[in-house]
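# Analysis of the macromolecular model
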Amino acid sequence: MALREIVLVPDPVLRRKAKKVAKVTPAIQRLLDDMAETMRAAPGVWLAGPQIGVLQRVIVVEVQPDPDKPDTQHEFYQLVNPEIAKTSQETEEGSEGCLSIPGYVGDVVRAVAVDVKALDRSGKPIKIKARGFLARVLQHEIDHLDGILYLDRLAGPDKLHQLPEDDAIPEETKVVA
Ligand code: NI
């Protein structure tokens, strides 16, 4: 595995649409593993292909599905061609960061629940029924594959916040993607 360089705003690659992966080959598996290593080293909890300059529809996610229950085990996903199959009507506003937009967080309205269809690391079709934080993460990541950043979806003009000095950041807002 190898660390990849994370691309930052305003790099135009972040605004391009990523291509569907035709087949999950060993090269794609290596890419997914590099992404997981890069994400963990950042440290971050989610990363999409375009964020390392790769315009392929691949994402990695490692989150606690319910941040209110810190003892629960992290869920780790390496997903190929993820797409949202179903979106809840119910929405909620929540805070998001992005590894490509360091130093900021923003408040974004997202669907509370989504069903996501994808291929896993072995190329097998899977479906994830996500709620709450995991649902938010998946929506944020799939947006990256379409060149959309959370900045485009801010809940209002005053909803982008610059982070204070690192020491002052509460642990939960350090979550970046
Ligand atoms: Ni992001």
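Residues numbered from 1 in each chain as written. Predicted model: local features only at pLDDT ≥ 70, side-chain atom pairs only at ≥ 80, totals over all residues. Heavy atoms only, no water.

Turning next to the pattern of salt bridges. Tallying each qualifying case throughout the model produces 12 salt bridges. The closest approach of N and O atoms between R153 and D143, which form a salt bridge, is 2.6 Å. Remark: D143 occurs in helix α2 (residues 132-145) and R153 occurs in the loop between α2 and β8 (160-162); sequence separation between them is 10 residues. Here R153 falls in the partly exposed class, since its relative accessible area comes to 37%. Among the residues examined, D143 registers a relative accessible area of 8% and is labelled buried. When salt bridges with common partners are traced through the structure, they connect E96, R110, R136, D143 and R153 into a single cluster. (Salt bridge = Lys/Arg side-chain N within 4 Å of Asp/Glu carboxyl O. Helix = DSSP H or I, 4+ residues; strand = E, 2+ residues; numbered from the N terminus. Buried < 20%, exposed > 50% of the residue type's maximum accessible area, 1.4 Å probe, protein only.)

The subject of this paragraph is α2. For α2, built from 14 residues, the straight-helix expectation of 20 Å at 1.5 Å per residue is met to within 8% by its first-to-last C-alpha distance of 21 Å. For α2, the buried fraction is high: 13 of the 14 residues fall into the buried class. Taken from the residues just after α2, G147 is the one with a positive phi, measuring 75°. (Expected span 1.5 Å × (residues − 1).)

This part is about the sheet that holds strand β7 (residues 125-131). Spatially, the 5 strands line up as an open sheet ordered β1-β2-β3-β6-β7, and their pairing is antiparallel. Strand pairing shows two members of the sheet lacking a second neighbour, β1 (46-48) and β7, which therefore form its edges. When the angles between neighbouring strand axes are averaged without regard to direction, this sheet yields 40°. Taken strand by strand, helix α1 (residues 26-41) contacts β1, β2 (58-63) and β3 (75-87), and its axis lies near 40° from that of β2. Lying over the sheet, α2 contacts β1, β2, β3, β6 (113-119) and β7, oriented at roughly 155° with respect to β2. (Pairing = 2+ DSSP bridges. Axes fitted to C-alpha atoms, helices over the stretch in contact; angles between N-to-C directions. Contact = heavy atoms within 4.5 Å.)

Summarising the element assignment, R57 is placed in the loop between β1 and β2. On the basis of relative accessibility, which here comes to 12%, the residue R57 falls in the buried class. Separated by 3.1 Å, the side chain of R57 and the backbone oxygen of L145 make a polar contact. In this structure, R57 is in contact with K17, A18, K19, K20, V21, L79, V80, N81, P82, L145 and D146, ignoring residues within four places of it in sequence. (Polar contact = N/O pair within 3.5 Å; in protein donor to acceptor, adjacent residues only side chain to side chain.)

Right, let's talk about the nonpolar core for a bit. With 22 residues, the main nonpolar core has V61, V63, L134 and L138 as its most contacted residues. Among the elements that make up this core, the one with the highest residue count is α2 (7 residues). Setting aside residues no more than four positions away along its own chain, V63 makes contact with V45, W46, Q73, H74, E75, F133, L134 and V137. Listed in part, the 14 residues of the second largest apolar core include L32, M39, V60 and L99. (Core = buried A, V, L, I, M, F, W, Y, C linked by side-chain atoms within 4.5 Å.)

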